[in-house]
Amino acid sequence: MSEASSGKSKRDQIRIILIAAIAIIVLGSAYKIYTDHQAKEALQAEYDATRTQLTTKLDSISGQLSDRISEIARLGGNIDSLVTLKDSITSERDQLQRTRMANKALIQRLDRKVTGYEELLIAKDDEIAELKELNTQLLDENNTLKEEQNVLNKTINEAEQKQEQLQQRINLAAKLQAENIQVFNVNSRGREREGDFRQRQAQKVKVTFNLAENEVAPAGGHKIMIQVVDPAGNVVFDVARGSGSFKVDGREQFYTSMQQIVFDNSKQELSFVYDKGSDFEVGDHKIIIWADNYEIGQASFNVR
């Protein structure tokens, strides 16, 4: 065989090898593209299924929440926070529907929130049951006490306080609490005595307590007020001596004395001294301590 023929044969072999190598590379790339496409389609299908499931759950929760909002409103409960929550759920559902590509973080976040929403619905069922029971009690009392308007008004006030307590449960952990409450009688010489007061010496009362440690409550300014309630149920009140009023659920209440404080979670101690200027009435008195518009503690003293 001539050198020319031998060289041509080698070039043909090299060309065949190159073509085979290129074919293998092309086939490998095509296979990878195909498998990647299959994996992407499987991921998207899983996302679509999860998105559909979450959307269905959010729709269901929104519908159930609407029912509970209507029921709580009918029973006289506060629904403002629930209406805001329902709007938030609707917004999350719309966001999920608008997201066309797989978003693992969004799905995980909404899946966790759905669990919380379902627990909230259970809590609202308990609240509705309590409101129904409360409304039933009010109806019975209204039917039996039509001729006793003063007693009926007192019952309504108690019912409204119960409704307020129900509404406050969601944020209960963040509320301030008074502890170690002490009540002293301060005589004209400035001497302090704890226990029963003697009427002829009972003109000035001192109340001391500290704010309980609370890691949840945010630091910030608060109005701390005390109510001294006489045996007839009336708040001891004198504007000239620092008394005033505040509102709880839109209803005006009176306080005997007030201080502005900044809560710093240091178990800070507070002291109130109220000089009535005249003798306290004989009988049991109640001290009610408030922070802003909610009660944080009670104590009592007796004048004999």
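Heads up: the structure comes first, above all this text.
Nothing here was measured: the structure is a model prediction, and the numbers come from that model. (Residues numbered from 1 in each chain as written. Predicted model: local features only at pLDDT ≥ 70, side-chain atom pairs only at ≥ 80, totals over all residues. Heavy atoms only, no water.)

(A) Up close: the overall build of the protein. Each helix and strand in the protein was counted, giving 4 helices and 10 strands. If you list the helices and strands of the protein from N to C, you get α-α-α-α-β-β-β-β-β-β-β-β-β-β. Across the 304 residues in the protein, those meeting the buried criterion constitute 32%. Taking all contacts inside the protein whose residues are at least 6 apart in sequence as the whole, residues at least 24 apart take part in 69%. (Helix = DSSP H or I, 4+ residues; strand = E, 2+ residues; numbered from the N terminus. Buried < 20%, exposed > 50% of the residue type's maximum accessible area, 1.4 Å probe, protein only. Contact = heavy atoms within 4.5 Å.)

(B) Just unusual backbone geometry, in detail. The backbone of Asp249 shows a phi angle near 55°, a positive value even though the residue is not glycine. Mapping Asp249 onto the fold places it in the loop between strand S5 (244-248) and strand S6 (251-255). Using a relative accessible area of 53% as the deciding quantity, one classes Asp249 as exposed. Phi at Asn265 is positive, roughly 60°, even though this residue is not glycine. Its location among the elements puts Asn265 in the loop between strand S7 (257-263) and strand S8 (269-275). A residue is classified by how much of its surface remains accessible, and Asn265, at 23% relative accessible area, is partly exposed.

(C) Here's a closer look at the side chain of Ser243. Relative to the elements of secondary structure, Ser243 occurs in the loop between strand S4 (220-229) and S5. Within the local environment of Ser243, its side chain forms a polar contact with the backbone nitrogen of Asp238, the two atoms lying 2.9 Å apart. A distance of 2.8 Å separates the side chain of Ser243 from the backbone oxygen of Thr256, its partner in a polar contact. Once residues within four sequence positions are removed from consideration, Ser243 is found in contact with Val236, Phe237, Asp238, Tyr255, Thr256 and Tyr274. (Polar contact = N/O pair within 3.5 Å; in protein donor to acceptor, adjacent residues only side chain to side chain.)

(D) Spotlight on the nonpolar core. Leu176, Phe209, Ile224 and Phe301 are the most contacted members of the largest nonpolar core, which totals 27 residues. Only strand S1 (178-186), strand S3 (204-211), S4, S7, S8, strand S9 (283-291) and strand S10 (294-303) provide two or more residues apiece to this core. When sequence neighbours within four positions are dropped, the list of residues in contact with Leu176 reads Leu211, Ala217, His222, Ile224, Phe263, Ala291, Tyr294 and Ile296. Counting 19 residues, the second largest nonpolar core, distinct from the first, contains Ile61, Leu65, Ile69 and Leu85. (Core = buried A, V, L, I, M, F, W, Y, C linked by side-chain atoms within 4.5 Å.)

(E) Quick look at the sheet that holds S1. Reading across the sheet, the 4 strands line up as S2-S1-S3-S8 and stay open at both edges, with antiparallel pairing between neighbours. Only two strands of the sheet have a single partner each, and these edge strands are strand S2 (192-194) and S8. Strand-to-strand, the axes of this sheet are offset by a mean angle of 30°, without reference to chain direction. Across 6 bridges, the pairing between S1 and S3 is antiparallel. Bridge pairing in S3 places Gln182 opposite Thr208. (Pairing = 2+ DSSP bridges. Axes fitted to C-alpha atoms, helices over the stretch in contact; angles between N-to-C directions.)

(F) Local environment of the pairing of S4. In terms of residue burial, S4 counts as a mostly covered element, since 7 of its 10 residues are buried. Here 7 bridges tie S4 to S7, and the two strands are oriented antiparallel to one another. By the bridge assignment, Lys223 is partnered in S7 with Gln260. Relative to S9, S4 runs antiparallel, the two being bridged by 6 bridges. Bridged to Ile226 within S9 is Ile289.

All quantities given are derived from atomic positions and should not be read as evidence of function.
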